[in-house]
Amino acid sequence: MSVSTAALAPSVCAPLPVLGQDVTVPLVTGGEVTYAALDYAASAPALQRVWDDVAAYAPYYGSVHRGAGYLSQLSTDLFENSRRTVAEFLGCRPEDQVVFTRSTTDSLNLLAAAIPADCQVFVYETEHHASLLPWRDARVTYLNAPRTPGQAVETLECALADRDPYGPALVCVTGASNVTGELWPVRELAAAAHAHGARIVLDAAQLAPHHPVDIAELDVDWVAFSGHKLYAPFGSGVLAGRADWLQAAEPYLAGGGASRKVARRADGGVDVDWHTTAARHEAGSPNVIGVYSIASACKALTEAGFDNLVAREQELVTRVREGLAEVPEVQVLSLFGDDAPRVGVISFVVRGWNSSHFAAALSAEYGIGVRDGLFCAHPLVRTLLGSDPQDPGECGAPEAEPGERSLNAIRVSFGAGTPDEHIDRFLRAVTELVREGAQWKYRTEDGRCVPDRGEAAQV
């Protein structure tokens, strides 16, 4: 079964409380407004529940795994219980390992360091750079952007059929695009990979905060995601899945915690007995608070009822897409078409506008935070914009002055903590900016489009 949004329960839940929901920001036109955080795909605001759990634990903070004191033992239990909570949240199989990392990027680089030396990696050009770039020491086959889910499966099957069937292979694919929000046919891709003797890793950075992820049901070998997209603070991530390649690989970092025994040899060298558990790749003092915050977020989403959260988000997706469709100058970017299931991530361009200029006006004049740029998915955005792969353009950096066409796009993203008012304000702002223009002058400064504070007069 693919990841799907069909047959969802009616929306019965309110937005989950998040930090910053009452923060006000100044408007360049005067006054203040409550900030509308619509950049969840970059970093979602932390859930209030997560922050409260961390605050309650903070006085009991202690070293992990190697302390005899009460607080150390308590922190160790907290750390390992968090591992079990994450494993349950992901539907891990009994033999799977949960390794804590810094982020999705860190998780995929860890896996890249653990794959066999002769492994061939297959990755779509549509991937986020976190899953597109780590495979530098492997034989990599980059697959062209598919235009339907079926074409994605067919492209992979053809590529795998042409490979050496006797060597190890790994497929890397996103669960939900960080550019279009579209859901990928993960289970079908996993079946294709396994039918050809390959393994598959799922980049769930954009999927896990918006949709249940079950390793066993999707039949993937590994899942990677980040805490800061799952309503937890920065600096923590997860790689969960099969243990064999991880156990066979050299530790990702060499140091305390990864080793069970270290002894000097007679010849002056050192013998090391490394752990075979997840600790093998968790050297150093772990980020206990980061790990606990991920576990807290997993519990909060589960207890809130993920089906209800998904249903409400789908209502917001429909409202945003229908609202943008009413503005002819807006072009929503899509690989799979209007009917493709998606999460709350939508990218678009506005005819006659530089994308950075439009995003700057949303912030300065309406208090709305969105993202502009290529979203660390340069090949995909350039494909969607119909530009040459060699054309210039950088994440978040405009290549044109305000009012001129740019090679970037605008991304609005939302989730479990988004109030209805933020969506309403965004749609009103888009309509007003397109029809009436910006109320202020803007200029490019240090690669960003900003209000021209030297121009006091409105235009």
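Structure's up top.
Remember, it's a predicted structure, so these values are computed and weren't measured experimentally.

Quick notes on the rules
Residues numbered from 1 in each chain as written. Predicted model: local features only at pLDDT ≥ 70, side-chain atom pairs only at ≥ 80, totals over all residues. Heavy atoms only, no water. Helix = DSSP H or I, 4+ residues; strand = E, 2+ residues; numbered from the N terminus. Core = buried A, V, L, I, M, F, W, Y, C linked by side-chain atoms within 4.5 Å. Buried < 20%, exposed > 50% of the residue type's maximum accessible area, 1.4 Å probe, protein only. Contact = heavy atoms within 4.5 Å. Polar contact = N/O pair within 3.5 Å; in protein donor to acceptor, adjacent residues only side chain to side chain. Expected span 1.5 Å × (residues − 1). Pairing = 2+ DSSP bridges. Axes fitted to C-alpha atoms, helices over the stretch in contact; angles between N-to-C directions.

A. Spatial organisation of unusual backbone geometry. At D219, a residue that is not glycine, the phi angle is positive and equals roughly 60°. Inspection of the secondary structure assignment puts D219 in the loop between helix 7 (215-218) and strand 9 (222-226). Here the phi dihedral of D446 falls at roughly 55°; this positive angle occurs in a residue that is not glycine. Relative to the assigned elements, D446 resides in the loop between strand 18 (442-445) and strand 19 (448-451).

B. The nonpolar core, seen in detail. Formed by 85 residues in total, the largest nonpolar core has its most connected members in L90 and F225. At eight residues, helix 9 (residues 288-304) tops the list of elements feeding residues into this core. In this view, F225 contacts V86, L90, S103, T104, A204, A205, A208, L230, G237, V238 and I294; residues no more than four positions away in its chain are not counted. Core analysis: the second largest hydrophobic core is formed by 36 residues, A364, F426, A429 and V430 among them.

C. Here's a closer look at the environment of G31. Topologically, G31 is positioned in the loop between strand 1 (24-26) and strand 2 (32-34). Once you skip the residues sitting within four places of it in the chain, G31 turns out to touch V25 and P26.

D. Just helix 3 (residues 104-114), in detail. Burial runs high along helix 3: nine of the 11 residues are buried. Listing the buried residues of helix 3 in full gives T104, D106, S107, L108, N109, L110, L111, A112 and A114. Two to three positions downstream of the cap, the backbone nitrogen of T105 sits 3.4 Å from a side-chain oxygen, assigning the N-cap of helix 3 to S103.

E. Region of the structure containing the side chain of S75. With respect to the element layout, S75 can be found in helix 2 (residues 70-89). At a separation of 2.7 Å, a polar atom in the side chain of S75 contacts the side chain of Y57. Those residues in contact with S75, other than ones at most four positions away along the chain, are Y57, Y60, Y61, G62, S63, V64 and V288.

F. Layout of helix 9. Taking 1.5 Å per residue as the helical rise, helix 9 with its 17 residues ought to reach 24 Å, and the 24 Å between its terminal C-alpha atoms agrees with that figure. In terms of burial, helix 9 is a largely internal element, 12 of the 17 residues being buried. Within helix 9, burial applies to V288, G290, V291, Y292, S293, I294, A295, S296, A297, C298, A300 and L301. The inward-facing, buried residues of helix 9 contact helix 1 (48-57), helix 2, strand 4 (97-101), strand 9, strand 10 (237-241) and helix 10 (306-325). A positive phi of about 90° marks G305, the residue just after helix 9.

G. Inspection of the sheet that holds strand 17 (residues 409-413) at higher detail. Across the sheet, four strands lie side by side as 13-14-17-16; this open sheet has antiparallel pairing. In this open sheet, the two edge strands, each paired with only one partner strand, are strand 13 (330-332) and strand 16 (371-373). The average angle at which neighbouring strand axes cross in this sheet is 30°, direction not considered. In the sheet, strand 16 pairs with strand 17 via three bridges, with the strands oriented antiparallel. Along strand 17, the bridge assignment pairs D372 with I410.

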